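Architecture at a glance
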Amino acid sequence: MAAAAVGVIHETGTETRDKLPIYPAPTPDILLLSTPSTLETRIGEVRREVTHALGLAHGRVQGVVDRWIGVEEAVESRIKSFRDPTEPLTPGILYVGVSTLTASILTRSRALPTRFLLPPSLLLFSFAHFLPKTAANVGEYAEELEERFIPAFGEKRRIGVAHSQMGWERAKEGVLMGRERLGQGVEGLVKRVEEGTGLKVGQVVGWTQDKAKQEPKKGGDGEDKAQP
């Protein structure tokens, strides 16, 4: 009896487990798991590293370009600040260029010191002559840079310029004194010739007339008053 009961219970459980449900069971979701290979993983890592390196390089290049553009704008604004609005640049710059080019052509077959020194010197002289105000602005900026970066050289340069100016003034005074002495010598020679020969050499060369114009008349007021 016990064995029969156990067999009935086992059979009943089996029938209950194998019985279909009233409602249909839902269809289970199918999940596809992507499992990349080792080669694909390495290619992805390399691609990310290359992309990161390119981004850094582009950022650096862009930074250099931005700094260069800033330098160009600063230089352009500084150059525009040199120009004096009262000076026309069109003929002045042309004259400066023609002068420098002429100097370089003339010194083409000369010695090396002349070839290297004369064109820049003529460039500076012509620039100061044709565009004096603009040249003065450029000189002030050059002195400012000199005081900022090389003050010792600026001091020596100013001393040299002062000595050069003193020497130039002395040379001018010497020339004037020489002219005066030469004039006095010529005047004495003319007087001696006139006294020795009786000829009015001074009137022939115009010396007496020029001296008469330069020297004031003596007693002119009294003589004019005495005349009726």
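First, a word on scope: everything that follows refers to the structure included in this document. Keep in mind that this is a model prediction, so the values were computed, not measured. (Residues numbered from 1 in each chain as written. Predicted model: local features only at pLDDT ≥ 70, side-chain atom pairs only at ≥ 80, totals over all residues. Heavy atoms only, no water.)

With that settled, the discussion passes to the overall build of the chain. Helix and strand counts for the chain come out as nine helices and zero strands. When the helices and strands of the chain are placed in sequence order, the string is α-α-α-α-α-α-α-α-α. A burial count over the chain gives 10% of its 228 residues as buried. Contacts in the chain between residues far apart in sequence, at least 24 positions, make up 48% of those at least 6 positions apart. Summed over its atoms, the accessible surface of the chain is roughly 20000 Å², and 64% of this surface lies on carbon and sulfur atoms. (Helix = DSSP H or I, 4+ residues; strand = E, 2+ residues; numbered from the N terminus. Buried < 20%, exposed > 50% of the residue type's maximum accessible area, 1.4 Å probe, protein only. Contact = heavy atoms within 4.5 Å. Areas by Shrake-Rupley, 256 points an atom, 1.4 Å probe, with all protein chains shown as cover.)

A word on the packing of aromatic side chains. Applying the stated criterion across every chain, the model contains two aromatic pairs. Centroid distance phenylalanine 82 to tyrosine 141: 5.3 Å. Interplanar angle 55°. Geometry classified as tilted. Residue phenylalanine 82 is located in helix H2 (residues 38–82), and its partner tyrosine 141 is located in helix H5 (residues 132–149); the two are separated by 59 residues in the primary sequence. For phenylalanine 82, a relative accessible area of 14% corresponds to the buried category. With a centroid separation of 5.2 Å and 50° between ring planes, the pair formed by tyrosine 95 and phenylalanine 130 is classed as tilted. With tyrosine 95 in helix H3 (residues 89–106) and phenylalanine 130 in helix H4 (residues 112–130), the pair connects residues that are 35 residues apart, well separated along the chain. Judged by its relative accessible area of 42%, tyrosine 95 is partly exposed. (Phe/Tyr/Trp six-rings, centres within 6.5 Å; stacked < 30°, edge-to-face > 60°.)

Moving on, we get to helix H6 (residues 151–197). Helix length check: H6, at 47 residues, gives a terminal C-alpha distance of 68 Å against a target of 69 Å (1.5 Å per residue), a fit within 8%. Residues of H6 that are buried: Gly154, Glu187 and Val190. (Expected span 1.5 Å × (residues − 1).)

This brings us to the pattern of salt bridges. Evaluation of the coordinates by the stated rule reveals four salt bridges. Between arginine 42 and glutamate 45 there is a salt bridge; the shortest N-O distance is 3.1 Å. Taken together, the residues arginine 42 and glutamate 45, both in helix H2 and three residues apart, mark about one turn of the helix. On the basis of relative accessible area, arginine 42 is assigned to the partly exposed category, the value being 48%. (Salt bridge = Lys/Arg side-chain N within 4 Å of Asp/Glu carboxyl O.)

With that settled, consider H5. Between its first and last C-alpha, H5 extends 26 Å over 18 residues, near the 26 Å set by a 1.5 Å rise per residue. Taken residue by residue, H5 has Thr134, Ala135 and Glu146 as its buried positions. All buried residues of H5 project into a common sector of 115° when viewed along the axis, lining one side. Among the exposed residues of H5, those pointing more than 90 degrees away from its buried face are Glu140 and Arg148. (Arc of directions from axis to C-beta.)

In this section: the layout of surface pockets. Approximately 250 Å³ is the volume found for the largest pocket. Taken together, Leu124, Phe125, Phe127, Ala128, Ala135, Val138, Gly139 and Ala142 form the lining of the largest pocket. Taken together, the elements giving at least two residues each to the lining of the largest pocket come down to H4 and H5. Considering only residue class, the lining of the largest pocket consists of seven nonpolar, one polar and no charged. (1 Å grid on protein atoms, 1.4 Å probe; cavity = no way out; pocket = protein on both sides within 12 Å on 5 of 7 lines; lining within 4 Å. Points joined across faces, edges and corners; volume = space filled by probe spheres on them. Nonpolar A, V, L, I, M, F, W, Y, C, P; charged D, E, K, R; others polar.)

Turning to the side chain of glutamate 87, a few remarks are in order. Checked against the element boundaries, glutamate 87 lands in the loop between H2 and H3. No salt bridge is formed by the buried glutamate 87, whose closest oppositely charged neighbour, lysine 133, lies at an N-O distance of 5.7 Å. When sequence neighbours within four positions are dropped, the list of residues in contact with glutamate 87 reads Leu131, Pro132, Lys133 and Thr134. (Lys, Arg positive; Asp, Glu negative; His and termini not counted.)

Close contact between H3 and H4 brings their axes to 9 Å; oriented N to C, the two are set at 160°. Taken together, the axis directions place H3 and H4 in an arrangement best described as roughly antiparallel. Like other packed secondary-structure pairs, H3 and H4 cross with a definite hand, here right-handed. Mapping the contact onto sequence places Gly92, Tyr95, Val96, Ser99, Thr100, Ala103 and Ser104 in H3 and Pro119, Leu122, Leu123, Ser126, Phe127 and Phe130 in H4. In terms of residue class, the contact of H3 with H4 is built from eight nonpolar, five polar and no charged. (Axes fitted to C-alpha atoms, helices over the stretch in contact; angles between N-to-C directions. Parallel < 35°, antiparallel > 145°, perpendicular 65-115°, else oblique. Left-handed = near helix turned anticlockwise from the far one by under 90°.)

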